[in-house]
Amino acid sequence: MIMKLAPSILSANFAKLLEDVKKVENAGCEYLHIDVMDGHFVPNITLGPALVKSLREDVNMVFDVHLMIENPDMYIKEFALAGADIITVHQEACTHLHRTIQNIKACGKKVGVALNPATPIETIKHVIQDVDMVLIMTVNPGFGGQSFIEEMICKIKELKSLIDSKKLNIDIQVDGGINPDNVSKVIKAGANVVVAGSAIFNSENIQQTVKKFRENAISKEVRY
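Given the structure is predicted, the values throughout are model-derived calculations rather than measurements.

Draft legend 1. Representation of the UniProt feature "binding site: a divalent metal cation" (unreviewed entry) in the protein within the structure. Mapped onto this numbering, the UniProt entry gives "binding site: a divalent metal cation" (unreviewed entry) at His33, Asp35, His66 and Asp175. On the basis of their most widely separated C-alpha atoms, the annotated residues across 143 residues gather in one place, lying no more than 10.7 Å apart. For Asp35, the location among the structural elements is in strand 2 (residues 31–37). Reaching out from Asp35, the side chain makes a polar contact with the side chain of Ser8 at a distance of 2.3 Å. For His66, the position within the fold is in strand 3 (residues 62–68). Classification of His66 by relative accessible area gives buried; the value is 0%. Excluding anything up to four places from it in sequence, His66 contacts His33, Ile34, Asp35, Val36, Thr88, His90, Ala114, Leu135, Met137 and Asp175.

Written as structure tokens, this is what we have:
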């Protein structure tokens, strides 16, 4: 699969949010990763459906909404109506994950399920056929700018093996501490959707950084 880049607006300049988002769109990034935090499931608070709706009017990227919140079922419809294309929920936040997946589908949106670093792949084994994407958190969620957890490479490989064994067409997304220097590791392990926040939005030249991500994803040989 061809790598898709999903810049995380958590690292954008919120005083110039639309301007920053248009920069990554013009650089050719396919997804816009929208981090939603409630201060309970993760120790941070970010944005809500109103901001998603306001961006939707001017942005043509795929809106990849990542709900790092408790009781996500309460807000799925709101984010769907606001313009989300993909809605990702955390396995750890869903009491009845299968029901939540069906709720997202009922809104006509693609479904993602996220797993924190300590959460095993086994926990989604019996619902994986119902999702469009699995997000492997490569840091503990809640804040941008954290260091990539190397042990997650094995987890990405395990997920890829499960998907292939079931002959499923599911994206593997990774989120946390990914930059041009380590992107090849996650791509080689099996990921094809890469979330990058500070590495893109805080770079001096977004166009060149995006180009470097793509070049390094396919050109560097990585051995384990």
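Still more ground to cover, so stick around.
Draft legend 2. Geometry of the nonpolar core. Core analysis: the biggest nonpolar cluster contains 66 residues, and Ile9, Val186 and Phe213 have the highest contact counts within it. At 6 residues, helix 5 (residues 152–165) tops the list of elements feeding residues into this core. Sequence-distant contacts of Phe213, that is, excluding residues within four places in its chain, are made with Met3, Leu5, Ile178, Asn179, Pro180, Val183, Val194, Ala196, Ala199 and Ile200. Ala6, Ile86, Met133 and Val193 belong to the second largest nonpolar core, which has 6 residues in total.

Draft legend 3. How the structure looks around the packing of aromatic side chains. By the definition in use, this model includes 0 aromatic pairs. A cation over an aromatic ring shows up here: Arg56 above the ring of Phe63, its NZ or CZ 3.7 Å from the ring centre.

Draft legend 4. Spotlight on the UniProt feature "binding site: substrate" (unreviewed entry) in the protein. UniProt tags Ser8, His66, Gly142, Phe143, Gly144, Gly145, Asp175, Gly176, Gly177, Gly197 and Ser198 as "binding site: substrate" (unreviewed entry). Structurally, Gly197 can be placed in the loop between strand 8 (193–196) and helix 7 (198–201). Look past the residues within four positions of Gly197 in its chain and what remains in contact with it is Ser8, Ser11 and Asn202.

Draft legend 5. Seen up close, the pattern of salt bridges. Evaluated as defined, the whole model comprises 5 salt bridges. Between Lys185 and Glu150 there is a salt bridge, and its shortest N-O distance comes to 2.9 Å. Here Lys185, found in helix 6 (residues 183–189), pairs with Glu150, found in the loop between strand 6 (133–137) and helix 5; they are 35 residues apart in sequence, far enough to count as distant. Taking relative accessible area as the criterion, Glu150 reaches 40% and is therefore assigned partly exposed. Between Lys160 and Asp164 there is a salt bridge, with its nearest N and O atoms 3.5 Å apart. Of this pair, Lys160 and Asp164 both sit in helix 5, 4 residues apart, which is roughly one turn of the helix. For Lys160, a relative accessible area of 30% translates into the label partly exposed.

Draft legend 6. Local environment of the pairing of strand 4 (residues 86–90). Of all 5 residues in strand 4, 5 are buried, a share of seventy percent or more. Covered by surrounding structure in strand 4 are Ile86, Thr88 and His90 together with Ile87 and Val89, the residues of both alternating faces. For the crossover from strand 3 across helix 3 (residues 76–82) to strand 4, the handedness is right-handed. Viewed along the sheet, the connection from strand 4 through helix 4 (residues 97–106) into strand 5 (residues 110–115) turns out right-handed.

Draft legend 7. Seen up close, the side chain of Gln91. Among the secondary structure elements, Gln91 is positioned in the loop between strand 4 and helix 4. What makes Gln91 buried here is its relative accessible area of 19%. For Gln91, the residues in contact, after removing those within four places along its chain, are Leu97, Val113, Ala114, Leu115, Thr119, Thr123 and Ile124.

What counts and what doesn't
- Residues numbered from 1 in each chain as written.
- Predicted model: local features only at pLDDT ≥ 70, side-chain atom pairs only at ≥ 80, totals over all residues.
- Heavy atoms only, no water.
- UniProt positions renumbered as here; feature names shortened; annotations may be inferred.
- Helix = DSSP H or I, 4+ residues; strand = E, 2+ residues; numbered from the N terminus.
- Polar contact = N/O pair within 3.5 Å; in protein donor to acceptor, adjacent residues only side chain to side chain.
- Buried < 20%, exposed > 50% of the residue type's maximum accessible area, 1.4 Å probe, protein only.
- Contact = heavy atoms within 4.5 Å.
- Core = buried A, V, L, I, M, F, W, Y, C linked by side-chain atoms within 4.5 Å.
- Phe/Tyr/Trp six-rings, centres within 6.5 Å; stacked < 30°, edge-to-face > 60°.
- Lys NZ or Arg CZ within 6 Å of the ring centre and 35° of its normal.
- Salt bridge = Lys/Arg side-chain N within 4 Å of Asp/Glu carboxyl O.
- Right-handed = clockwise from strand over helix to strand, strands pointing away.

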